[in-house]
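Each chain, written out:
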Amino acid sequence: MKKSLVATTRLRARANKRRQSWFRHHVPTVQAHPDRLVFIDEISAKINLIRQYGCSLYGKRPEIDTLFGAWETQTLFAGLMHDNLIAPWVIKGAMDGEAFGAYIRYVLAPEL
């Protein structure tokens, strides 16, 4: 038997009323002006691309070449529009509220 996960907030009258209001007011606007819709996407990657294990002859240590650098996470933000990618921005570390605010204020807003 397949299990389905359903949010209990769907059953609340207030949430249902807000959902209906959103569909009534926002969906027609999005359909009329899809060129004004911007999705903000974020992806991160850890750059410690070193192998943890290796093979070698018995009694010898394995030697592995690797890049030298700061082993941190890098995060890419970008705005996705209906026809292109706008305002790409790469930061060191993970996204937090302060970084998101800076991205909106200094990168995305001027490009829009």
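In this report, the structure presented in the accompanying data block is examined. Quantities reported herein were computed from a predicted structural model and do not represent experimental measurements.

## Regarding the overall build of the protein chain
Consideration 1: Assigned secondary structure in the protein chain consists of 2 helices and 3 strands.
Consideration 2: Ordering the α and β elements of the protein chain from the N terminus gives α-β-β-β-α.
Consideration 3: Against the globule reference of 13 Å for 112 residues, the protein chain gives a C-alpha radius of gyration of 23 Å, more extended than a compact globule.
Consideration 4: Over its C-alpha atoms, taken along the principal directions, the protein chain stretches across nearly 70 × 50 × 25 Å.
Consideration 5: A buried classification covers 12% of the 112 residues belonging to the protein chain.
Consideration 6: For the protein chain, the share of sequence-separated contacts (at least 6 apart) that also reach a separation of at least 24 residues comes to 47%.

## With respect to the sheet that holds strand β1 (residues 39-46)
Consideration 1: The strand order β1-β2-β3 describes an open sheet built from 3 strands, whose pairing is antiparallel. Every interior strand has two partners, whereas the edge strands, β1 and β3 (85-92), have only one. Here the average twist between neighbouring strands, direction ignored, is 15°.
Consideration 2: Direction of pairing for β1 relative to strand β2 (residues 73-80): antiparallel, over a ladder of 8 bridges. Within the sheet, the bridge partner assigned to aspartate 41 lies in β2 and is alanine 78.
Consideration 3: Relative to the sheet, helix α2 (residues 97-111) contacts β1, β2 and β3, its axis offset from that of β3 by approximately 150°.

## Side note on the side chain of threonine 75
Consideration 1: Secondary-structure assignment places threonine 75 in strand β2.
Consideration 2: Accessibility expressed as a relative area gives 1% for threonine 75, which makes it buried.
Consideration 3: At a separation of 2.5 Å, a polar atom in the side chain of threonine 75 contacts the main-chain carbonyl oxygen of glycine 93.
Consideration 4: Those residues in contact with threonine 75, other than ones at most four positions away along the chain, are Glu42, Ile43, Ser44, Trp89, Val90, Ile91, Gly93, Ala94 and Met95.

## Looking at the nonpolar core
Consideration 1: Phe77, Ile86, Ala87, Ile91, Ala99, Tyr103, Val107 and Leu108 together form the largest nonpolar core, which totals 8 residues.
Consideration 2: The dominant element in this core, judged by the number of residues it contributes, is α2, at 4 residues.
Consideration 3: Setting aside its immediate chain neighbours within four residues, valine 107 contacts Ala87, Pro88, Trp89 and Ala102.

## Quick notes on the packing of aromatic side chains
Consideration 1: With the rule as written, the count across this model stands at 4 aromatic pairs.
Consideration 2: Feature note: the residues Phe77, Trp89 and Tyr103 constitute an aromatic cluster, connected by ring pairs.

Conventions used here
- Numbers given to residues run from 1 along each chain, matching the order in which its sequence is written.
- In keeping with the model being predicted, local features are shown solely for residues with a pLDDT of at least 70 and side-chain atom pairs are shown and tallied solely at 80 or more, while totals for entire chains, interfaces and linings include all residues.
- With hydrogens and water excluded, all non-hydrogen atoms of the structure serve as input to the side-chain values.
- Strands are runs of DSSP state E lasting at least 2 residues, helices are runs of H or I lasting at least 4, and numbering of each runs from the N terminus.
- The reference for a compact globule is 2.2 Å times residues^0.38; the radius of gyration itself is calculated from the C-alpha atoms.
- Residue exposure (1.4 Å probe, protein chains only): buried if accessible area is under 20% of the type maximum, exposed if over 50%, otherwise partly exposed.
- The contact criterion used throughout is that any non-hydrogen atoms of two residues lie within 4.5 Å.
- Any two strands with at least two DSSP bridges between them are considered paired.
- Axes here refer to lines fitted to C-alpha atoms; in helices the fit is confined to the stretch in contact. Angles between the N-to-C directions go from 0 to 180 degrees.
- Contacts described as polar in this section are N or O atom pairs within 3.5 Å, which, within protein, must combine one atom able to donate a hydrogen with one able to accept it, while residues neighboring in sequence count only if both atoms come from side chains.
- Put simply, a nonpolar core is a bunch of buried Ala, Val, Leu, Ile, Met, Phe, Trp, Tyr and Cys residues held in one set by side-chain atoms that sit within 4.5 Å of each other.
- Between rings of Phe, Tyr and Trp, where Trp is taken as its six-membered ring, a pair exists when centres lie within 6.5 Å; planes separated by under 30 degrees are stacked, by over 60 edge-to-face, and by other angles tilted.

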